[in-house]
Protein chains: 2
Amino acid sequence: MNNYGGCTGQLDLKSKFTVTYKHVTEELWENYHFVGNTGRVTVFTTRPYSEAFTTQRLDHTDFPLYTAQKADYEPLLYCGFCNLFDRYLQRLLPDAPEQLLKSRPAHKPPLQIWLLFRTRGAADAAKEHINEAIAEKLDIQNFSSSNTFRVTDLGCSVGPNTILAMQNIVDAVELKYQSQGHNTPEFQVFFNDHASNDFNTLFTSLPPHRKYYAAAVPGSFYSRLFPNASLHFVFSSYALQCLSQVPKEVLDKSSPAWNKGRIHYSNASDKVVQSYAAQYAKDMECFLNARAQEVVYGGFIVIIIPGRPNGLPHSQAIANMVGEILGSCLLDMAKKGTISEEKVDTFNLPTYFASPQEVEAIVERNGCFRLERMEILPQAIPSGNFSRGKVTSSQIRAGMEGMFKEHFGEEIIDELFDALHKKLDESSIFESGNGSTLFALLNRIATV
Amino acid sequence: MNNYGGCTGQLDLKSKFTVTYKHVTEELWENYHFVGNTGRVTVFTTRPYSEAFTTQRLDHTDFPLYTAQKADYEPLLYCGFCNLFDRYLQRLLPDAPEQLLKSRPAHKPPLQIWLLFRTRGAADAAKEHINEAIAEKLDIQNFSSSNTFRVTDLGCSVGPNTILAMQNIVDAVELKYQSQGHNTPEFQVFFNDHASNDFNTLFTSLPPHRKYYAAAVPGSFYSRLFPNASLHFVFSSYALQCLSQVPKEVLDKSSPAWNKGRIHYSNASDKVVQSYAAQYAKDMECFLNARAQEVVYGGFIVIIIPGRPNGLPHSQAIANMVGEILGSCLLDMAKKGTISEEKVDTFNLPTYFASPQEVEAIVERNGCFRLERMEILPQAIPSGNFSRGKVTSSQIRAGMEGMFKEHFGEEIIDELFDALHKKLDESSIFESGNGSTLFALLNRIATV
C-alpha cells in the first residue's frame, strides 16, 4: 500500500529532537487508546503547532495539569503527517515546539499536531466484546460469495480512534478466516461522516502499511450511503446519540412540548422528553432501515453510544447533567444580558441518551436484525490531580463549539465554557451521576 | 439521496441578485463542459469570493479579457456550495462580488466560487465516444452476478468536470441496461486522487440529486486502490500524462541522461527522451497491472491524455513546446541571477506526452486488455480577442504552481509566469504546434 503522507526521509532529524519519538505504526496504533472514556479522540486542533500550542494553552486546556504523568491519562503529542508521536513532557522538552517548527520544512504543510490523552476503559472493553463476537458469532460461511470484506465506521470523525477501531476489526476478521482455514479476503474500509468532516486530514493520517483499501463516504447515516448488500461489518462509536435534528415541537412556541428556558430534555416536561424520545426512535428507525438494505445476511452492526441504565431517570445520567449545567450557564448569561432569553429558548441540544430497553425495542420493531448482545461498558471517569470540570468542558467545547458559535456568536464562547468549567467543578456530578456507555451488537437476519 | 451542501432556502435572495442564476443540476451539468480543450476544470481558487476575486484579478488572469462573451469561451461564476452558477458579466453586474458577499451568511462557510470557462471540443468528442462504446461494446451480461455497477475517476481533481464525466457514464450505462430490458443496477462512484487532493471541497460540490453512491479513494493510481474484480468502469482524464516521478537518471550528474540546462525532454538528448519514455512505460505497466486485478472481465477503462500523433517529433507537440519555453524562462532568470543554474538543473517536469503507437504497445505487452478504440480528439485551441499566452500561462500556473513554489521558492512565481505569458504571445506555437488529445478505450479480457 502507499506510504501516505509519510516523511520518513526526515527520521534522522527527528531522532535528534527526541529519542522518545516512535513510529505510530509500531506502537501507538497497537497498544494505546485515546481520550478518556469515549473511545473517540479529542482533536484539539489540526492547526500548525505554533498556533495550536498557543491556542490550546490559552483556551482549551491547561497542559501543566497533565504533565503529572498519571499512568491512565497520559498526554501525547502526535503528528498526523509524520505518523510519529511523543510524550508531552513540558519540563523535559521545554523547546519542543520551537524544535518542531524549525523542522517544519521537512513536513509538507499542513503540520498536524494533536494533543491526545490515552487511557483504558470503555474502548478496551468494546474491543474485547468485538473480538469475542467476531470469534464466536460471525458466520463467515455467509460471505463465501464475496472475496472482499467491507467494513464501515459511521460517524468516524477525524483522528486515531477510527483508524484504531477499523484496524482491530480487520485483524479480528482476518484471524477468524485463518482459524477456520479459509483464504483471507481483501478488506475495504469506508470512513463515513458528514460532508463537512475533515476527510483531507483523515486521509493524511491513514497508517502507511494498512491491510485494507480505504475510502471515504460523505453523508448522513440516517439515509442510504451504500449499495444493497455490500457491507459485512458496520461500526459506529459515539455518533448515534446525535439526532438528525432537534425535535421541531420543542422549538415551537405554540406546542405543548415547547422547551422554554431549557436547552435539553433533562428535568423538562414529559412532553419535551417524549418529543426527544420520539425523534430518537424515528432516527434509529431510519438508521436501521438503511442498514438493513446495505448489510449482507449475517453481517454485524456494532453500536457504541453514551446512554443510561434501564430505569435510571434521565436527570441522573452524567451527559444529561452536563447539558443541564450548560443550560444554566446560558440562562445566567441571559440574566446578565450577555445574550437574549429568546436566543436560549430557540436553542436545544440535538442529542439523546437511550437506555438498553429503548434500543432493544427499536431493534425488535425494525425486525431485520437480531440483538446478539447488549452491554454496559465500564466508564472511566477522569480522575487525578487536575480539574475534571476543565477536562469535561474542554471535551464538550472541542465537539460542540461550532454549534454554539453559530447560534450565539463567537464572542460568548470563552465565557460560556469558562462558566461551565467552574460550575462542573463546583458540582458533584462526577460522584453522583451515572455515565454509562452502551454496547450493542446486531446481526442481520434473513427476513421472510 | 442527501441534499449535500445545498442552501435552497436562499434561492429567493439569489434570484434577486440575478435572474440568470440557474440550478446546476438542471442545466450546467447537463449541457456544458469546462476549460478549453482539457476536459478538466481550471479551478482558480476555492477561497472566499472576496479574496478569490482580488487574487485572480491581480495574479492569475484578466477578467476583462473574457468579458467579450465569445460563444465558445464564456466565463462563468460557479458556487460550489449552492450548486448555482452565473455568467460573469462585469458590466452588467458590476457589484456582483459585493452582493454575493452580503448574502454570505446564507452560505455556510467556506463560500466556494470558481471561475470556469466553458467550451466545446475534446470533452464533447470524448463523451460521444464513451456513449457509443457503452451502447455498442459494453457487454452487461458479464456483470450479471453483481447488482452494483462500480465506476471510478482516477485522478479526479476537484471541480465540475469529474462530476460531469461520472454522471455521463452512469446515465449511459443506465440507458444500456434499460434498453436491454434489464433492471437498472445501483451505482457506486469512487473519486480518486492523491491524499492531498481537496476531497472536502469535492464532497460539498456533489450534485444533491445524484443517481449514485459517492465515495473517495485516496492514493496513487500507479498502485492498487481497490479490491479484486470490483470495478466495472474506470475513467481517467488528463491525469496519466503525469509520471509517478521524474526519471532518476535525468537528475543524476554522472548519468549520460543528465538533463543539464533543460527542464523537460523536448529537444533534449536521445538518452533523456529514452529515460522519460521508459518511465512512462513503467508507470503505465504499474497502472495496467493494478487495474487488471481490480476490473472485472468485460469492464472498461477510458483513458484521455494529452499526447501527440504517431511520428510527430516530441518538439512539435504544443505541450512540449510550452515546457520548452517555460524552461527558457527559467534559464533567463538564472542568467539574471534571480535563481541559480543549479536550481534549474535539478528541476524536471514529471510529464510525458505519448503517441497512440506507444500506448498500443504498452497495452499489448500487458496482455490483460483489448484496445477497443484509439482516437485523436479534436483540440480546441483558445482563439478570440484575448491573449492566448495569458490563458495558457494561467492554466499552467493553476496546475503546477505548487511544484514550482516548492523547488524555486514563492518569490519567483509571478515573474516566471509573467515571462511565460509574454514568451508564449511572442511565439507562434498556437499556429505551428500540434495539440492532440488521445482517447483510448480498453476492455478487460479473460486471460488464459
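See the structure above.
This text gives an overview of the structure that appears in the document. (Residues numbered from 1 in each chain as written. Chains lettered and ligands numbered in written order. Predicted model: local features only at pLDDT ≥ 70, side-chain atom pairs only at ≥ 80, totals over all residues. Heavy atoms only, no water.)

Here we look at the packing of helix H10 (residues 318-336) of chain A against helix H14 (residues 413-426) of chain A
All names here are of chain A. Relative orientation of the contacting elements H10 and H14 amounts to 125°, with a least axis distance of 9 Å. Compared by their axis directions, H10 and H14 come out oblique. As H10 runs across H14, the sense of the crossing is right-handed. Listed contacts from H14 to Val-322, Ile-325, Leu-326, Ser-328, Cys-329, Leu-330, Asp-332, Met-333 and Lys-336 of H10 are Glu-415, Leu-416, Ala-419, Leu-420, Lys-423 and Leu-424. Taken together, the residues of the contact of H10 with H14 sort by class into 10 nonpolar, one polar and four charged. (Axes fitted to C-alpha atoms, helices over the stretch in contact; angles between N-to-C directions. Helix = DSSP H or I, 4+ residues; strand = E, 2+ residues; numbered from the N terminus. Parallel < 35°, antiparallel > 145°, perpendicular 65-115°, else oblique. Left-handed = near helix turned anticlockwise from the far one by under 90°. Contact = heavy atoms within 4.5 Å. Nonpolar A, V, L, I, M, F, W, Y, C, P; charged D, E, K, R; others polar.)

Some remarks on the relation of the copies chain A and chain B
Once chain A has been moved 0.0 Å along the axis and rotated by 180°, it coincides with chain B to within an RMSD of 0.0 Å. Given the turn and translation reported, the copies of this chain are related as if by a two-fold rotation axis. No C-alpha of chain A approaches the rotation axis more nearly than that of Ala-216 of chain A, which lies at 2.5 Å. Taken as a fraction of all interface residues of chain A, those also at the interface in chain B reach 100%, which identifies the copy contact as same-surface. (Least-squares fit on C-alpha atoms with pLDDT ≥ 70 in both.)

Digging into the nonpolar core
Core analysis: the largest hydrophobic core is formed by 82 residues, its most contacted members being Tyr-280 and Phe-287 of chain A together with Tyr-280 and Phe-287 of chain B. Apart from the residues lying within four places of it in its own chain, the contact partners of Tyr-280 of chain B are Leu-240, Leu-243, Ile-305, Tyr-352, Ala-354, Val-359 and Ile-362 of chain B. Counting 80 residues, the second-largest nonpolar core is a separate cluster that includes Ile-163 and Ala-216 of chain A together with Ile-140 and Val-170 of chain B. (Core = buried A, V, L, I, M, F, W, Y, C linked by side-chain atoms within 4.5 Å. Buried < 20%, exposed > 50% of the residue type's maximum accessible area, 1.4 Å probe, protein only.)

Considerations on the interface of chain A and chain B
Tallying the contact residues gives 33 residues for chain A and 33 residues for chain B. Here chain A packs against chain B, burying approximately 2,600 Å² in sum over the two surfaces, 51% of which is carbon and sulfur. One can count two salt bridges joining chain A with chain B. Between Arg-224 of chain A and Glu-186 of chain B there is a salt bridge; the shortest N-O distance is 3.3 Å. Secondary-structure elements contributing two or more residues to the side of chain A that touches chain B are strand E5 (148-154), strand E6 (186-193), helix H8 (199-205) and strand E7 (212-218) of chain A. The dominant element in the side of chain A that touches chain B, judged by the number of residues it contributes, is E7 of chain A, at six residues. Here the residues of the side of chain A that touches chain B sort into 15 nonpolar, 12 polar and six charged. (Buried area = accessible area lost by both parts, 1.4 Å probe. Salt bridge = Lys/Arg side-chain N within 4 Å of Asp/Glu carboxyl O.)

Here's the deal with the pairing of strand E11 (residues 436-444) of chain A
All names here are of chain A. Counting buried residues along E11, nine of its nine residues qualify, which places the element largely inside the surrounding structure. Burial of E11 is two-sided: the residues Ser-436, Leu-438, Ala-440, Leu-442 and Arg-444 facing one way and the residues Thr-437, Phe-439, Leu-441 and Asn-443 facing the other way are all buried. Across eight bridges, strand E9 (residues 295-307) lies against E11 in antiparallel orientation. Bridge pairing in E11 places Ile-301 opposite Leu-442. Strand direction decides the pairing type here: strand E10 (residues 369-377) and E11, joined by eight bridges, are antiparallel. Each bridged residue has a counterpart across the sheet, and for Glu-375 the counterpart in E11 is Phe-439. (Pairing = 2+ DSSP bridges.)

Considering the pattern of salt bridges
Using the criterion set out here, one finds 35 salt bridges over all chains in the structure. Between Lys-211 of chain B and Glu-174 of chain B there is a salt bridge, with its nearest N and O atoms 2.9 Å apart. In this pair, Lys-211 of chain B is assigned in the loop between helix H8 (199-205) and strand E7 (212-218) and Glu-174 of chain B in helix H7 (residues 160-179), connecting sequence segments 37 residues apart. Given the relative accessible area of 17%, Glu-174 of chain B is considered buried. Among the charged side chains, a network of salt bridges with common partners joins Glu-186 of chain A together with Arg-224, Arg-291 and Glu-294 of chain B.

Comments concerning unusual backbone geometry
Of note in this structure, Ala-229 of chain A is not a glycine but carries a positive phi near 45°. Unusually for a residue other than glycine, Tyr-238 of chain B sits at a positive phi of about 55°. Its location among the elements puts Tyr-238 of chain B in the loop between strand E8 (231-237) and helix H9 (270-294). A relative accessible area of 12% means that Tyr-238 of chain B is categorised as buried.

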